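# Commentary on secondary and tertiary structure
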Amino acid sequence: MAVVAWIGLGNMGGPMTANMVKAGHTVRGFDLSAEALAAAVGQGAAPADSIAGAVTGADVVFTMLPKGDHVRSVYFGDGGILANAARETLLIDSSTIDIESAQAVHDAAAAAGFRFVDAPVSGGMSGAAAGTLTFMIGGESGAVADASAYIEPMAGNVIPTGGATTGQAAKICNNLMLFINLASTAEGAVLAERLGLDKQVFWDIASVSSGDSWALRTWYPVAGVVPTAAANNDFAPSFTAELANKDIGLAIAAARSTDTPLEIGEHVQQLFQRLIDEGEGGKDCSRIVSLVDGSLKTSATATALG
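Residues numbered from 1 in each chain as written. Predicted model: local features only at pLDDT ≥ 70, side-chain atom pairs only at ≥ 80, totals over all residues. Heavy atoms only, no water.

## Some thoughts on the packing of aromatic side chains
A ring pair, where both rings are aromatic, is described by two values, the distance of the centres and the angle of the planes. In plain terms, the rule: Ring geometry is summarised as follows: Phe, Tyr and Trp rings, the Trp one being its six-membered ring, pair when their centres sit within 6.5 Å, and such pairs are stacked at plane angles under 30 degrees, edge-to-face over 60 and tilted between the two. The secondary structure listing takes helices from DSSP runs of H or I that are at least 4 residues long and strands from runs of E that are at least 2 residues long, numbered from the N terminus.
Enumeration according to the criterion identifies 6 aromatic pairs in this entry. Centre to centre, the rings of phenylalanine 179 and phenylalanine 239 are 5.8 Å apart; their planes meet at 40 degrees, and the pair counts as tilted. Here phenylalanine 179 is found in helix α9 (residues 166-194), whereas its partner phenylalanine 239 is found in the loop between α11 (214-219) and α12 (241-257), with 60 residues between them in sequence. Seen in terms of ring centroids, phenylalanine 179 and phenylalanine 272 are 5.5 Å apart; in terms of plane orientation they differ by 85 degrees. Their pairing is edge-to-face. You can see phenylalanine 179 sitting in helix α9 and its partner phenylalanine 272 sitting in helix α13 (residues 263-277), a full 93 residues away along the chain.

## Some details on the side chain of glutamine 168
Using the following cut-off: Relative accessible area decides the class of each residue, using a 1.4 Å probe on protein chains only: under 20% of the type maximum gives buried, over 50% gives exposed, and in between gives partly exposed. Pairing of N or O atoms within 3.5 Å defines a polar contact, subject to two protein rules: one partner must be a possible hydrogen donor and the other a possible acceptor, and residues neighboring in sequence count only if both atoms are side-chain atoms. In this analysis, two residues are considered to be in contact whenever any of their non-hydrogen atoms come within 4.5 Å of each other.
With respect to the secondary-structure elements, glutamine 168 resides in helix α9. Looking at glutamine 168, the relative accessible area reads 0%, which means it is buried. Separated by 2.8 Å, the side chain of glutamine 168 and the backbone oxygen of serine 95 make a polar contact. Glutamine 168 has contacts with Asp93, Ser95, Thr96, Ile97, Ile99, Ala102, Asp118 and Pro120, leaving out every residue within four places of it along the chain.

## As for the pattern of salt bridges
Selection criterion: Take a side-chain nitrogen of Lys or Arg and a carboxyl oxygen of Asp or Glu: if they are within 4 Å of each other, that pair is a salt bridge.
For the structure on display, the rule yields 6 salt bridges. Here arginine 217 makes a salt bridge to aspartate 212, at a shortest N to O gap of 3.0 Å. Using a relative accessible area of 40% as the deciding quantity, one classes arginine 217 as partly exposed. The partner of arginine 256 in a salt bridge is glutamate 266, with the nearest N and O atoms 3.5 Å apart. A residue pair is termed long-range when its members are at least 10 positions apart, and arginine 256 in helix α12 and glutamate 266 in helix α13 qualify at 10 residues. Residue arginine 256 is classed as exposed on the basis of its relative accessible area, which comes to 62%.

## Digging into the pairing of strand β6 (residues 115-118)
Our working definition: Think of it this way: DSSP has to see at least two bridges between two strands before they count as a pair. Here, the term right-handed applies to a crossover whose path from the first strand over the helix to the second runs clockwise when the strands point away from the viewer.
Across 4 bridges, strand β5 (residues 90-93) lies against β6 in parallel orientation. Within β6, the position partnered with leucine 91 by the bridge is phenylalanine 116. The parallel pair β5 and β6, bridged by helix α6 (residues 99-111), forms a crossover whose chirality is right-handed.

## Observations regarding a nonpolar patch on the surface
Convention followed: Only residues whose relative accessible area exceeds 30% and that take part in no salt bridge are eligible for patches, with like-charged residues grouped when within 9 Å of each other and nonpolar side chains (Val, Leu, Ile, Met, Phe, Trp, Tyr) grouped when within 5 Å. Using a 1.4 Å probe, the Shrake-Rupley method yields the accessible areas, and only the shown protein chains count as cover for residues.
Residues Leu197, Val201 and Ile205 make up a contiguous nonpolar surface patch of about 230 Å² in total accessible area. Mapping valine 201 onto the fold places it in helix α10 (residues 199-206).

## Observations regarding the pairing of strand β8 (residues 133-138)
For a regular strand, side chains alternate in direction, first toward one face of the sheet and then toward the other. With 6 of its 6 residues buried, β8 lies for the most part within the structure. With burial as the criterion, each face of β8 is covered, one bearing Leu133, Phe135 and Ile137 and the other bearing Thr134, Met136 and Gly138. In this structure, β8 lies alongside strand β9 (residues 155-162), joined through 6 bridges in parallel fashion. When the sheet's bridge partners are listed, glycine 138 is paired in β9 with glycine 162. Chirality of the crossover, the property in question, places the unit of β8, helix α8 (residues 141-151) and β9 among those that are right-handed.

Note that all results are geometric; they support no functional claim without further evidence.
Written out as structure tokens, the structure reads:
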């Protein structure tokens, strides 16, 4: 059993650490949120009062943070991971971040004598709680193999993706497809209902036909069809529109850097931005259906109505 330092105990990191504790590991957690830290302690983690306090003497360090800037801030500087962890400690970042930040941490970790992998996840909060996440791991092959062993209690799938930053590349491209599928599912669901189809009948057809997708099976944006859908609970978030906007924004940035047109992706990003502009960014990303069915009265609609 290992000593695990965990930086970032939010909606994903909290339940992930709980599964590490259940597997018998000693977890020392740190988060700037006292509430998040207390919740992790309630699940068996030991609290740390600083990054240095968490990583000192750890066998492995996991980071699960919202953005690339946050990852850079916890790895770099006198109070950061690279300045305080032992060189033999394996470093694993499971955040979803931009390629440039992931490469910067890879480079800095290697220069300081550390092994580091980028290992973002797919599966959302439900997968984090159930220990069924898919991990996509990029880095040197030996470090990837060692990271895979630590990751096992949290994972349904562990997939090596290749060299540095390929884990992030896989996650970015996967989420691009997810959110495009979600938008098309919302449009299909609303149109089907308005054409007189029973919502359950249409879902039964689409879920075994060419319209099928993970978004349709898990996040169907019409209440009373899929038990796991946020639509059943007034779009309380399983994955917020703000996070969806961030993730699809990462894909658009990567596309621009590689001269890859993403016309559909850019349009879906604009839809998420409209939700955020209307104060709905904290709702579930499947709230995008409100832009199709008219249930969200936007400021533009209000202006038109006078």
